[in-house]
Amino acid sequence: GLETKTFSVTLDNASANSSTIARLNPLLNGYVGDVFLHQRCACHILNLIVKSGLKRLLPYLESFRTAISFLNSSNQRIAAYKGYCIALGVRPRKFGLDMDVRWNSTYLMLKHLVPYRNTFNVFIQTHYPRTDPLLLTDDHWYVAEKILIFLELFYDSTCVLSGVYYPTSPLMMHHIIQIAKHLCSYENDPLLRNVVVPMKTKFL
């Protein structure tokens, strides 16, 4: 008798669940009628959209990951960086690596790193084994600053739509429209065009 008692089904975005909903839909239609709606997880979709763009920036991101891993791989190195920051009157901090499954951790990794550009860059170039080209160049930092500004809206939307103490579905359309305008405004940006085009395709 569940077909006359079900009001809502909560599930993730796995393809098996899509097949399940397709089978359940005719059974529930007699009870709920044509208003039955399969609403997918907005945050999961946002994650897919942004990750499709970040793939184009992989060489830059890998350089930052290598630099952070190099710093964190030795307690002596961490202590040396801390001492260097204190000597310059900069408040020292630790830097964490991002996680592949959560794009917003990549945003936060860069957000924490960019304000420390001067101290971090000098320390890495001084201690990292000499390579040609350098591990972190001015281009790396320029891209990081640019991508931070671009991704801020996606990060804010993810935070809002991840809320658990208030209904998020009434907020979704507002953020979808904001993101659509945001993608269009950056579509012709010479640096970000290759990032935005696949994101826009995934968004649509």
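As the structure is a prediction and not an experimental result, all values here were calculated from the model.

Peer 1: For the environment of Met 109, give the residues involved together with the corresponding values.
Peer 2: Here Met 109 is to be found in helix α5 (residues 103–113). With 67 residues separating them along the chain, Met 109 and Ala 42 place their C-alpha atoms 23 Å apart. With sequence-adjacent residues up to four places away left out, Met 109 is seen in contact with Arg 65, Ile 68, Gly 96, Leu 97 and Asp 98.

Peer 1: Which residues make up the pattern of salt bridges, and what are the values?
Peer 2: Oppositely charged side chains are able to pair whenever their charged atoms sit close together. Counted by the stated rule, this structure contains 6 salt bridges. Close ionic contact of Arg 117 with Glu 145 constitutes a salt bridge, the shortest N to O distance being 3.4 Å. Here Arg 117, found in helix α6 (residues 117–127), pairs with Glu 145, found in helix α7 (residues 138–161); they are 28 residues apart in sequence, far enough to count as distant. The class of Arg 117 is partly exposed, set by a relative accessible area of 23%.

Peer 1: Describe the packing of helix α2 (residues 42–54) against α7, listing the residues and the values that go with them.
Peer 2: In the contact formed by α2 and α7, the axes pass within 9 Å of each other and the chain directions differ by 160 degrees. If you check the angle between α2 and α7, you find them roughly antiparallel. The interaxial crossing formed by α2 with α7 has left-handed handedness. Facing Ala 42, Cys 43, Leu 46, Ile 49, Val 50 and Leu 54 of α2, the residues of α7 in contact are Leu 151, Phe 154, Ser 157, Thr 158 and Leu 161. Along the lines of polarity and charge, the residues of the contact of α2 with α7 split into 9 nonpolar, 2 polar and no charged.

Peer 1: For the packing of aromatic side chains, give the residues involved together with the corresponding values.
Peer 2: Counted according to the given criterion, the structure contains 13 aromatic pairs. Between Phe 95 and Phe 120, the ring centres sit 5.4 Å apart and the planes meet at 80 degrees, which makes this aromatic pair edge-to-face. Of this pair, Phe 95 sits in the loop between α4 (75–87) and α5 while Phe 120 sits in helix α6, and the two are 25 residues apart along the sequence. As far as the burial class goes, Phe 95 and Phe 120 line up, both buried.

What counts as what
Residues numbered from 1 in each chain as written. Predicted model: local features only at pLDDT ≥ 70, side-chain atom pairs only at ≥ 80, totals over all residues. Heavy atoms only, no water. Helix = DSSP H or I, 4+ residues; strand = E, 2+ residues; numbered from the N terminus. Contact = heavy atoms within 4.5 Å. Salt bridge = Lys/Arg side-chain N within 4 Å of Asp/Glu carboxyl O. Buried < 20%, exposed > 50% of the residue type's maximum accessible area, 1.4 Å probe, protein only. Axes fitted to C-alpha atoms, helices over the stretch in contact; angles between N-to-C directions. Parallel < 35°, antiparallel > 145°, perpendicular 65-115°, else oblique. Left-handed = near helix turned anticlockwise from the far one by under 90°. Nonpolar A, V, L, I, M, F, W, Y, C, P; charged D, E, K, R; others polar. Phe/Tyr/Trp six-rings, centres within 6.5 Å; stacked < 30°, edge-to-face > 60°.

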